[in-house]
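Here is how the chains run, residue by residue.
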Amino acid sequence: CIKDGKLEYFDSSNVSNYNRAIGVTLQSGLTNEPIQVREKGKITNIGWGLTKDAFYYSNTSGVLTTSYDNALFTQIGYAISADDFIVDIKNSIIY
């Protein structure tokens, strides 16, 4: 999500992040340095180890996971193979 004009990890434990997920970073980054973000579409990462046909969510540190356990969850996308992910962000849900 973007806060104060800067990109930061989407924290699923913070309800102020409701509907603020914007995409998946394509590489690691350093503070105040540019970084590429895929907002929609396919990402291939050989050796990623995804579960085919599983939906993925963001956890509290912005890592993709197949489960959610916080008051806020946002589906980030789904795996079409062990190495291929489709970014397709859905509206956040608070429960």
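Scroll up a little and you will see the structure.
Here the structure is a predicted model, which is why all the values come from computation and not from measurement.

> What is the right way to look at the overall build of the chain in this model?
Along its length, the chain carries zero helices and 11 strands. Taken from the N to the C terminus, the helices and strands of the chain come in the order β-β-β-β-β-β-β-β-β-β-β. In terms of overall size, the chain behaves like a compact globule, its C-alpha atoms giving a radius of gyration of 13 Å where 95 residues would be expected to give roughly 12 Å. Projected onto the principal axes, the alpha-carbon positions of the chain cover approximately 35 × 35 × 20 Å. Buried residues in the chain amount to 31% of all 95 residues. In the chain, the proportion of contacts linking residues at least 24 apart, taken out of those at least 6 apart, comes to 46%. Of the roughly 6,000 Å² of accessible surface on the chain, 49% is carried by carbon and sulfur atoms. For the chain, the distance from the average position of its 8 positive side-chain charges to the average position of its 10 negative side-chain charges is 5 Å.

> Help me out: how do you make sense of the side chain of Asp-88 in this one?
Structurally, the position occupied by Asp-88 is in the loop between strand E10 (84-87) and strand E11 (93-94). Taking relative accessible area as the criterion, Asp-88 reaches 17% and is therefore assigned buried. Within the structure, the side chain of Asp-88 is placed 3.0 Å from the side chain of Lys-90, a separation counted as a polar contact. Those residues in contact with Asp-88 that lie beyond four places of it in its chain are Lys-40, Gln-75, Ile-76, Gly-77 and Tyr-78.

> Whenever I open this one, unusual backbone geometry confuses me. Can you help?
The bulk of non-glycine residues show a negative phi, and the bulk of peptide bonds are trans. Its identity is not glycine, yet Asn-19 carries a phi of approximately 55 degrees, on the positive side. Tracing the sequence through the fold places Asn-19 in the loop between strand E2 (6-7) and strand E3 (24-25). Assessed through its relative accessible area of 37%, Asn-19 is described here as partly exposed. Positive phi values are uncommon outside glycine, yet Asp-53 reaches one of about 70 degrees. Along the chain, the position of Asp-53 falls in the loop between strand E5 (41-44) and strand E6 (55-58).

> When you look at the pairing of E10 in this model, what are you seeing that I'm missing?
Taken residue by residue, a regular strand's side chains alternate between the two faces of the sheet. Residues Asp-84 and Ile-86 of E10 are buried on one face, and the alternating residues Phe-85 and Val-87, pointing to the opposite face, are buried as well. As defined by bridge partners, strand E9 (residues 75-79) adjoins E10 across three bridges and the pair is classed as antiparallel. Within E10, the position partnered with Gly-77 by the bridge is Val-87. Hairpin remark: E9 followed by E10, antiparallel, with four residues in the connecting loop.

Quick notes on the rules
Residues numbered from 1 in each chain as written. Predicted model: local features only at pLDDT ≥ 70, side-chain atom pairs only at ≥ 80, totals over all residues. Heavy atoms only, no water. Helix = DSSP H or I, 4+ residues; strand = E, 2+ residues; numbered from the N terminus. Rg over C-alpha atoms; globule rule 2.2 N^0.38 Å. Buried < 20%, exposed > 50% of the residue type's maximum accessible area, 1.4 Å probe, protein only. Contact = heavy atoms within 4.5 Å. Areas by Shrake-Rupley, 256 points an atom, 1.4 Å probe, with all protein chains shown as cover. Lys, Arg positive; Asp, Glu negative; His and termini not counted. Charge placed at Lys NZ, Arg CZ, Asp CG, Glu CD. Polar contact = N/O pair within 3.5 Å; in protein donor to acceptor, adjacent residues only side chain to side chain. Pairing = 2+ DSSP bridges.

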